[in-house]
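Inside the fold
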Amino acid sequence: MRAAGAAIALIGNAGGGDEEAFNVRNVRQEAGNAVAYGLPWAEALRAVTLSPAEMFGVADRIGSLQPGRVANLVVWSGDPFELSTFAEHVFVHGRESTAPTRQDQLEQRYRTLPPNYNRPP
């Protein structure tokens, strides 16, 4: 479809059977899979940024880095489509966010296990 000129957008619902589920946390993996199957890296980046914004009619505000647009940006430790990379800095509306991630919250929550927890042998 891409070769025929169709626009591609990856939005985080990889067709796992429940198309009502929206798992944006999976979009990096979906983009990485698309690259592994032949989509050029730059087109995969566009498929998670500008293309969805264009399709939803909001590309005048989001989807690309330009003066006057909403500045949401993530600085990654490496290739954003590699699962081993992590977000080093997150900017929302141009301001760095230092809020804990969901992963940070879960790690903190389960750092101390309940007294009646039986560890596996």
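Description of the structure in this document. For clarity, every value in this text was computed on a predicted model and none was experimentally measured.

Quick look at the layout of surface pockets now. In this structure, the largest pocket occupies an estimated 1,400 Å³ of space. Around the largest pocket sit 38 residues that line it, and Val27, Val48, Thr49, Val74 and Trp76 are the ones nearest its centre. Residue assignment for the lining of the largest pocket shows that the elements contributing at least two residues are helix H1 (27–36), helix H2 (41–47), helix H3 (50–55), strand E1 (73–76), strand E2 (87–92) and helix H4 (102–111). If you tally residues by element for the lining of the largest pocket, the top one is H4, at 5 residues. When grouped by side-chain class, the residues that make up the lining of the largest pocket number 26 nonpolar, 6 polar and 6 charged. Around the second largest pocket, the lining residues are Ala87, Glu88, His89, Val90, Glu96, Ser97, Thr98, Ala99, Pro100, Thr101 and Asp104.

To continue, consider the pairing of E2. A regular strand carries its side chains on alternate faces of the sheet. Where E1 and E2 come together, 4 bridges link them in antiparallel fashion. When the bridges of E2 are listed, valine 75 appears paired with histidine 89. By the bridge criterion, 3 bridges tie E2 to strand E3 (residues 95–97) in an arrangement that is antiparallel. Bridge pairing links valine 92 to arginine 95 in E3. Here E2 hands over to E3 after 2 residues, with histidine 93 in that stretch at a positive phi of 55°.

Calculation rules
Residues numbered from 1 in each chain as written. Predicted model: local features only at pLDDT ≥ 70, side-chain atom pairs only at ≥ 80, totals over all residues. Heavy atoms only, no water. 1 Å grid on protein atoms, 1.4 Å probe; cavity = no way out; pocket = protein on both sides within 12 Å on 5 of 7 lines; lining within 4 Å. Points joined across faces, edges and corners; volume = space filled by probe spheres on them. Helix = DSSP H or I, 4+ residues; strand = E, 2+ residues; numbered from the N terminus. Nonpolar A, V, L, I, M, F, W, Y, C, P; charged D, E, K, R; others polar. Pairing = 2+ DSSP bridges.

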